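Analysis of the macromolecular model
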Amino acid sequence: MANWPEFKKFNLILALAAALPVLAFAIFAVIFYDISHLIIVHFDAFNGIDFLGTKYDVFWMSGVAMVVALINLLLSRALFTRDKFLAWSLAIGNLALMVMFAAAVLVIIFNN
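Residues numbered from 1 in each chain as written. Predicted model: local features only at pLDDT ≥ 70, side-chain atom pairs only at ≥ 80, totals over all residues. Heavy atoms only, no water.

**Structural notes on the side chain of S62**
So the rule is basically this: To qualify as a helix, a DSSP run of H or I must reach at least 4 residues; to qualify as a strand, a run of E must reach at least 2; elements of each kind are numbered from the N terminus. Every residue pair with non-hydrogen atoms within 4.5 Å of one another is taken to be in contact.
Here S62 lies in helix α2 (residues 55-79). Not counting chain neighbours up to four residues away, the residues in contact with S62 comprise F25 and F101.

Shown next as structure tokens:
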């Protein structure tokens with residue numbers, strides 16, 4: 001059996017990484033629920049607006065982030081008993097990736 005405090009910290013990192021895309025999806029769904037016009041999805045400082053899309057484009061981004069988080073969560077949980085370094089690397093990398101995703105969603109929200 002794994003060391004309990006280490007396993008607890010590991011599960012906390014995984015829970016945070018899994019909660020971020022769900023939280024970003026919920027915030028986006030509440031704010032842009034009744035919008036029917038185009039949304040600025042990408043903005044370049046030099047050229048201005050690069051890509052416009054519907055709210056469903058951002059919902060798809062959230063869905064893909066949730067799938068990636070789930071795959072990384074399952075892989076890191078399966079690898080925890082075999083190779084702790086790889087499991088911790090996957091968990092921390094997953095958390096960093098989900099923080100960047102949440103930042104991207106917040107930028108889309110603030111630009112609109």
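**Details of the packing of α2 against helix α3 (residues 84-111)**
The line we're drawing: Between N-to-C directions, angles span 0 to 180 degrees; the directions come from axes that are lines fitted to C-alpha atoms, helices contributing only their stretch in contact. Note on angle classes: values under 35 degrees are labelled roughly parallel, values over 145 roughly antiparallel, values of 65 to 115 roughly perpendicular, and the remainder oblique. By definition, turning the near helix anticlockwise from the far helix through less than a right angle yields a left-handed crossing, and turning it clockwise yields a right-handed one.
Running from N to C, α2 and α3 point in directions that differ by 165°, and their axes come no closer than 8 Å. As the angle between them shows, α2 and α3 are arranged roughly antiparallel. In terms of crossing hand, the pair formed by α2 and α3 is left-handed. Two secondary-structure elements touch here, α2 through V58, M61, S62, A65, V68, A69, N72, L73, L75, S76 and L79 and α3 through K84, L86, A87, L90, A91, N94, L97, M98, F101 and I108.

**Topic: the packing of aromatic side chains**
Put simply, the rule reads: For this analysis, a ring pair means two rings from Phe, Tyr or Trp (six-membered ring only for Trp) whose centres lie within 6.5 Å, classed as stacked if their planes differ by under 30 degrees, edge-to-face if by over 60, and tilted for the remaining angles. Whether a residue is buried, partly exposed or exposed follows from its accessible area with a 1.4 Å probe, protein chains only, as a fraction of its type maximum: under 20%, in between, or over 50%, in that order. Each ring is checked for a lysine NZ or an arginine CZ that lies within 6 Å of its centre and within 35 degrees of its normal; such an atom marks a charge sitting over the ring.
The final tally for this structure, using the stated rule, is four aromatic pairs. Aromatic pair F25 and F59: ring centres 5.2 Å apart, planes at 55°, arrangement tilted. With F25 in helix α1 (residues 4-31) and F59 in helix α2, this pair connects stretches of sequence that are 34 residues apart. Looking at F25, the relative accessible area reads 31%, which means it is partly exposed. Here F59 falls in the buried class, since its relative accessible area comes to 19%. Note on F28 and F59: the rings are 5.2 Å apart at their centroids and 85° apart in plane angle, and the pair reads as edge-to-face. Residue F28 is found in helix α1, and its partner F59 is found in helix α2; the two are separated by 31 residues along the sequence. Through successive ring pairs, a cluster of aromatic residues spans F10, F80 and W88. Above the plane of the ring of F80 lies K84, whose end atom (NZ or CZ) is 4.6 Å from the centre.

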